[in-house]
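# Coordinate analysis (summary)
For reference, the chains in residue letters:
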Amino acid sequence: MQRKVLSFLGRRRNWTIPYVLFLAFFVLMPLALIVFYAFTNADGAFTFANIQKFWVHPEAMQTFLYSVVVALITTVICILIGYPAAYILSKMEPRKAKLLVILFILPMWINFLIRTLATVALFDFFKIPLGEGALIFGMVYNFLPFIIYPIYNILQKTDQNLIEAAQDLGANPRQVFIKTIFPLSIPGITSGVIMVFMPVISTFAIAELLTINNIKLFGTTLQENIYNGTWNYGAALSLVMLFFIGITVLFNGEGSSKAAEEGNLI
Amino acid sequence: MIKRILSSSYLGILLVMLYAPILIIIIFSFTEAKVLGNWTGFSLKLYSSIFHGGIHHSLTSALWNTLIIGLIAAAASTVLGTMAAIGIYNLMPRAQKAMQMVNTIPILNPDIITAISLFLLFVSLGISQGYTTVILAHITFCTPYVVLSVLPRLRRMNPNLYEAALDLGATPFRAVWRILLPELKPGMISGFILAFTLSIDDFVVTLFTIGNEGLETLSTYIYADARRGGLTPELRPLSAIIFIAVLLLLLIINQRAAKKKL
């Protein structure tokens, strides 16, 4: 008996089992519960009412669309600001670049709520009114490191031979960038987008603080529903978000899990 | 030459903007004013009150809770994640792929989805929320990162080493302990650090799994504080200290890594 147990444990692939059980219980089952709650009413009977409510309810729909727009703007600005920075970093001497990359990531070690409150103080100091502009600035400020790092990572790994080959074949610097460097860096951009777009839609504290509670993002709607006890509707709204994530993942195929790895910040 | 100046000033401007709010926190940690942004003269009182118990009791306990939860969650995720990585590496290709896909779910899910799904789990099972649920929730979103930092080390190592140890008469456990773990150590350490930082910085998942028994972490404490309309002044020196400590630590690690390469 003891021997059997030992040989079972000795087989290394069996070491996956604890994690499989853990994932089933703490990841898959909770997600299944979201689906379950979304399609039942408070008494546990099957219903489409929650999903319908989202379609008909103008406020939730508007908040959702508004959040998507804010997230899009944030992501685009992050890429426009972050890409050149990542590109410059990738051209630097590695040791210096590494130090600078650390400097770009470092602010994340300060609790983001404190950082956001400090941003509010900064806006107050320069007499900049809080509101939409402040919200987008705050979001860009918070998520910029998430986009610089993966793009830098992939640019830095780009095969120099490919670039030289393009040059040898007569491409000018601009063509080299557009035809060779940029396409090769797209996975980095994708992973950055995954790390920025969805999180922006679902944050709630940042929006509250930067707009003095004037602007609601979808995350706030979700949180309010759970807090007010309307779990079924909250679950339905979560399902809408899950649906969007599902689309992004399908759209990226294998890229998503790759992207998740690239986004790994240490 | 002009190109170089332009590109370094671009990075410079970005860094100044990124650090402006942090600088504000550090500057205003040297004054006593209640509201962030008011300067009432230079003073070290906030710093001394952190160390001399003049500080609010609830802030100290929130800080301790954050550190304890972070350490337990990071340790547990490191053990679970390392075991899982070793297991996954030895699975058939198809099962390996499936596991890696499930492993990325918690990473791709936004905080709030993880938070709500776990909230529903604990509520429907009737588990009362508190320390345990927060730690379990943190293990849930930290472990995938540990798996991701250990797996590449396994892929890079020579698979024959382990077999050789077995051939030379080591028991599987001894072979794991003496051969596998030393090779995986760097991945485990970076996984642990990453898990710890994710845990202490988390706010959303904590908020949804902490229950209402009065348990607070730094994040939920600050959130409650901010909603009441202002930060506890002592949070300024506290953030400044944390920031400087992390900065020094990273610079030292970087220096040592650079030296090793030479």
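Description of the structure in this document. Along each chain, residue indices are assigned from 1 in the same order as the chain's sequence is written. Chains and ligands are labelled sequentially in the order written, the chains with letters from A and the ligands with numbers from 1. Residue-level local features of this predicted model are given only where pLDDT is at least 70; pairs of side-chain atoms are given and counted only at 80 or more, and the full residue set underlies all totals for whole chains, interfaces and linings. Side-chain numbers come from the whole structure's heavy atoms, not from hydrogens or water.

Time to look at the overall build of chain A. What counts as a helix is a DSSP run of H or I of at least four residues, what counts as a strand is a run of E of at least two, and both are numbered from the N terminus. A tally of helices and strands in chain A yields 13 helices and zero strands. Mapped in sequence order, the helices and strands of chain A form the string α-α-α-α-α-α-α-α-α-α-α-α-α. Once the C-alpha set of chain A is aligned to its principal axes, its extents read approximately 70 × 70 × 35 Å. Taking all 266 residues of chain A together, the buried fraction comes to 52%. A total accessible area of about 13000 Å² is found for chain A, and carbon and sulfur atoms account for 68% of it. The classification of residues rests on relative accessible area computed with a 1.4 Å probe and restricted to protein chains. Under 20% of the type maximum is buried, over 50% is exposed, and intermediate values are partly exposed. For accessible areas, the Shrake-Rupley method is used with a probe of radius 1.4 Å. Any residue's cover is judged against the shown protein chains and nothing else.

What follows is about the packing of aromatic side chains. Any pair of Phe, Tyr and Trp rings, taking the six-membered ring for Trp, is counted once the centres come within 6.5 Å. Such a pair is stacked with planes under 30 degrees apart, edge-to-face with planes over 60 apart, and tilted for the rest. Per the counting criterion, the structure on display carries 24 aromatic pairs over all chains. A centroid spacing of 6.5 Å and a plane angle of 70° characterise the contact between tyrosine 37 of chain A and tryptophan 231 of chain A, whose relative ring orientation is edge-to-face. Residue tyrosine 37 of chain A is located in helix α2 (residues 17–38), and its partner tryptophan 231 of chain A is located in helix α12 (residues 231–252); the two are separated by 194 residues in the primary sequence. Look at tyrosine 37 of chain A and you get buried, because its relative accessible area is 13%. Ring plane angle 85° and centroid distance 6.0 Å describe the contact between tyrosine 83 of chain A and phenylalanine 177 of chain A, whose orientation is recorded as edge-to-face. Taken together, the residues tyrosine 83 of chain A in helix α4 (residues 58–91) and phenylalanine 177 of chain A in helix α9 (residues 173–202) connect sequence positions 94 residues apart. Here the aromatic cluster, defined as three or more aromatic residues joined through ring pairs, consists of Phe36, Tyr37, Tyr227 and Trp231 of chain A together with Phe119 and Phe208 of chain B.

Let us now look at the environment of glycine 192 of chain A. All names here are of chain A. In this structure, glycine 192 sits in helix α9. Residues glycine 192 and glycine 82, spaced 110 residues apart in sequence, show a C-alpha to C-alpha distance of 9.8 Å. Residues count as neighbours in contact if any of their non-hydrogen atoms are within 4.5 Å of one another. When residues no more than four places from it in sequence are discounted, the contact partners of glycine 192 are Phe146, Ile147 and Pro150.

Take the side chain of threonine 114 of chain B next. Residue and element names in this part refer to chain B. Topologically, threonine 114 is positioned in helix α5 (residues 111–124). A relative accessible area of 7% means that threonine 114 is categorised as buried. For threonine 114, the residues in contact, after removing those within four places along its chain, are Pro106, Asn109 and Val205.

This part covers the environment of isoleucine 22 of chain B. In this fold, isoleucine 22 of chain B is placed in helix α1 (residues 2–27). A residue is classified by how much of its surface remains accessible, and isoleucine 22 of chain B, at 1% relative accessible area, is buried. Taking the C-alpha atoms as reference, isoleucine 22 of chain B lies 23 Å from glycine 70 of chain B; in sequence the two are 48 residues apart. Setting aside residues no more than four positions away along its own chain, isoleucine 22 of chain B makes contact with Pro107, Ile110, Arg115 and Tyr141 of chain A together with Phe243 of chain B.

Another point: empty space enclosed by the protein. Cavity: a set of points on a 1 Å grid over the protein atoms alone where a 1.4 Å probe fits but cannot get out. Pocket: an open set with protein on both sides within 12 Å along at least five of seven lines, its lining residues, like those of a cavity, having an atom within 4 Å of a point. Grid points are joined across faces, edges and corners, and a volume is the space filled by probe spheres set on the points. In the structure shown here, the tally under the stated rule is three cavities of 30 Å³ or more. Here the largest cavity is characterised by a volume of approximately 80 Å³. Surrounding the largest cavity, Val193, Ile194, Phe197, Met198, Ile245, Thr248 and Val249 of chain A together with Leu108 of chain B form its lining. The element that contributes the greatest number of residues to the lining of the largest cavity is α9 of chain A, accounting for four residues. In this classification, the charged set is Asp, Glu, Lys and Arg, the nonpolar set is Ala, Val, Leu, Ile, Met, Phe, Trp, Tyr, Cys and Pro, and all remaining amino acids, among them Gly, are polar. Considered class by class, the residues forming the lining of the largest cavity number seven nonpolar, one polar and no charged.

Here the focus is helix α7 (residues 132–157) of chain A. Residue and element names in this part refer to chain A. In this scheme, a helix's expected span is set at 1.5 Å multiplied by one less than its residue total. Relative to the 38 Å expected for 26 residues at 1.5 Å per residue, α7 spans 37 Å between its end C-alpha atoms, a close match to the ideal helical length. Approximately 45° is the largest bend angle found in α7, and it occurs at phenylalanine 143, with the proline proline 145 only one to four residues beyond. Counted residue by residue, α7 has 20 buried out of 26 residues, so it is predominantly covered. What we call the bend at a residue is the angle made by axes fitted to the seven residues finishing there and the seven residues starting there.

Further remarks concern the interface of chain A and chain B. Across the contact, 80 residues belong to chain A and 88 residues belong to chain B. When residues of chain A are sorted by the area they lose upon contact with chain B, Arg12, Trp15 and Tyr19 of chain A head the list and together hold 10% of the total. Within this document, salt bridges are pairs made up of a side-chain nitrogen of Lys or Arg and a carboxyl oxygen of Asp or Glu, the two lying within 4 Å of each other. At the boundary of chain A with chain B, the tally comes to zero salt bridges. Counted as a polar contact is a pair of N or O atoms within 3.5 Å, where, for protein atoms, one must be capable of donating a hydrogen and the other of accepting one, and residues adjacent in sequence contribute only when both atoms are in side chains. Counting across the interface, chain A meets chain B through five residue pairs in polar contact (both at pLDDT 80 or more). At 15 residues, the largest contribution of residues to the side of chain A that touches chain B is made by α2 of chain A. For the side of chain A that touches chain B, the residue count by class is 61 nonpolar, eleven polar and eight charged. Two parts lose some accessible area (1.4 Å probe) when they are put together, and adding that loss for both gives the buried area.

This brings us to the pattern of salt bridges. Any two side chains of opposite charge can pair, so long as their charged atoms come close to each other. Residue and element names in this part refer to chain A. Going through the model one piece at a time under the given rule, you end up with two salt bridges over all chains. Among the salt bridges present, the one from lysine 216 reaches glutamate 59, with a minimum N-O distance of 3.2 Å. With lysine 216 in the loop between α10 (205–210) and α11 (218–227) and glutamate 59 in helix α4, this residue pair connects regions lying 157 residues apart in the sequence. Residue class for glutamate 59 comes out partly exposed when judged on its relative accessible area of 43%. With a shortest N-O distance of 3.1 Å, glutamate 224 and lysine 216 are connected by a salt bridge. Taking the relative accessible area as the measure of exposure, glutamate 224 reaches 30% and is therefore partly exposed. Accessibility expressed as a relative area gives 28% for lysine 216, which makes it partly exposed. It is possible to trace a salt-bridge network through shared partners that takes in Glu59, Lys216 and Glu224.

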